[in-house]
Amino acid sequence: MEINLNLDIISSFEKKIFLDPRVEIKTHYNNFKKMYFQINCRMFEETYESIRFVYTLLYYFTNKDNFSKSSLLYEYTSTNINLNKSLIIIGGVGTGKTSVLKTLRAMINQNPQLNLKFMTTKDVVSEYESTLQEDLFDFFDKLNNGNLIIDDLMSESIASRFGKKELFEDILFKRCENNKIITLITMNYLEEFPNNADEAILELYQRYGQRVFDRILGNFNFIILKDKSFRKW
């Protein structure tokens, strides 16, 4: 399959700093572990990868160049790592993507001048289905603006209330057009291709089309997790 990449979409970025860069990263990490327990009611499970994952995000949110040295970053075909891009985090179910981001969001939002929102894709579709037509502008305005965590991309169903619609095709396109905001996305590997980052990324093309896929490649860094699930069944 031939995919034409347009990686010159972004002319400039305005990267916000979300955590104080004057504070040592180790201190941020210790604060993260305390906040993690408060948010998730359990201790943060430290593995080689989970520690590197949190440190990678801490470097990202403090706008430090060490971010680009992370071994968890993945350069998909014809892409490049850029501290100013948004993030897509790909990992198996139960590898801590959501709990880590919720914890960092709580740390960031302690600053009243910052507001990092969090929404699951399923909740977005559910809210859309119950939104009155005259309120749709406000619905999309909320999703298309501001810094946002989008959790569990590609798990959402196709919206149907106002005709069949891939909501996130439009949302991702609009967010990629605005270089003054960041988007943090979590998604899982495909069940038939576990730990295969290329297949997971290519599925974004299959579902949302080339117009959106081009912009994703130009606007996002990819973080790849391969730990087994931490969940206790």
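The preceding data block contains the structure.
Residues numbered from 1 in each chain as written. Predicted model: local features only at pLDDT ≥ 70, side-chain atom pairs only at ≥ 80, totals over all residues. Heavy atoms only, no water.

Colleague: What is the right way to read the packing of helix α4 (residues 121-129) against helix α6 (residues 167-177) from this model?
Modeller: Relative placement of two packed helices is described by the angle separating their axes and the distance separating the axes. Taken N-terminus to C-terminus, the directions of α4 and α6 make an angle of 110°; their axes are 11 Å apart at the nearest point. If you check the angle between α4 and α6, you find them roughly perpendicular. Each of Thr 121, Val 124, Val 125 and Tyr 128 in α4 lies in contact with α6, whose residues at this interface are Leu 167, Phe 168 and Ile 171. When the residues that make up the contact of α4 with α6 are grouped by side-chain class, the tally is six nonpolar, one polar and no charged. (Axes fitted to C-alpha atoms, helices over the stretch in contact; angles between N-to-C directions. Helix = DSSP H or I, 4+ residues; strand = E, 2+ residues; numbered from the N terminus. Parallel < 35°, antiparallel > 145°, perpendicular 65-115°, else oblique. Contact = heavy atoms within 4.5 Å. Nonpolar A, V, L, I, M, F, W, Y, C, P; charged D, E, K, R; others polar.)

Colleague: Even after reading the chapter, I still don't get the pattern of salt bridges, so can you show me in this structure?
Modeller: Should the charged atoms of two oppositely charged side chains come close, the side chains can pair. Counting across every chain of the model gives eight salt bridges. Between Glu 127 and Lys 142 there is a salt bridge whose closest N-O contact spans 2.6 Å. Of this pair, Glu 127 sits in helix α4 while Lys 142 sits in helix α5 (residues 136-144), and the two are 15 residues apart along the sequence. Between Asp 170 and Lys 165 there is a salt bridge whose closest N-O contact spans 2.6 Å. Residue Lys 165 is classed as partly exposed on the basis of its relative accessible area of 25%. One connected set of salt bridges, linked through shared partners, spans Glu 156, Glu 166 and Arg 207. (Salt bridge = Lys/Arg side-chain N within 4 Å of Asp/Glu carboxyl O. Buried < 20%, exposed > 50% of the residue type's maximum accessible area, 1.4 Å probe, protein only.)

Colleague: Which parts of the structure should I look at to understand the sheet that holds strand β4 (residues 148-151)?
Modeller: Hydrogen bonds between backbone atoms are what pair the strands of a sheet, whose relative direction is either parallel or antiparallel. The six strands are arranged β1-β6-β2-β5-β4-β3 in an open sheet whose pairing can be described as mixed. The sheet is open, and its two edges are formed by β1 (73-74) and β3 (117-120), each paired on a single side. Pairing of β4 with strand β5 (residues 183-188) involves three bridges; the strand directions are parallel. Considered in β5, the bridge of Ile 149 is made with Leu 184. Packing of helix α3 (residues 97-108) onto the sheet brings it into contact with β2 (86-91), β3, β4 and β5, and relative to β5 it is tilted by some 160°. (Pairing = 2+ DSSP bridges.)

Colleague: Before we go on, may I ask you to explain the packing of aromatic side chains in this structure?
Modeller: For the structure shown, the criterion picks out 16 aromatic pairs. Where Phe 18 meets Phe 61, the ring centres are 5.6 Å apart and the plane angle is 75°; that geometry is what we call edge-to-face. Of this pair, Phe 18 sits in the segment before α1 (25-40) while Phe 61 is found in helix α2 (residues 48-61), placing the two residues 43 residues apart along the sequence. Each member of the pair, Phe 18 as well as Phe 61, is classed as buried. Their ring planes at 35° and their centres at 5.0 Å tell us that Tyr 29 and Tyr 55 sit as a pair that is tilted. Here Tyr 29, found in helix α1, pairs with Tyr 55, found in helix α2; they are 26 residues apart in sequence, far enough to count as distant. A connected cluster of aromatic rings, assembled from ring pairs, spans Tyr 29, Phe 32, Tyr 36, Phe 44, Tyr 55 and Tyr 59. The ring of Phe 173 carries Arg 211 above its face, with NZ or CZ at 3.9 Å from the centroid. (Phe/Tyr/Trp six-rings, centres within 6.5 Å; stacked < 30°, edge-to-face > 60°. Lys NZ or Arg CZ within 6 Å of the ring centre and 35° of its normal.)

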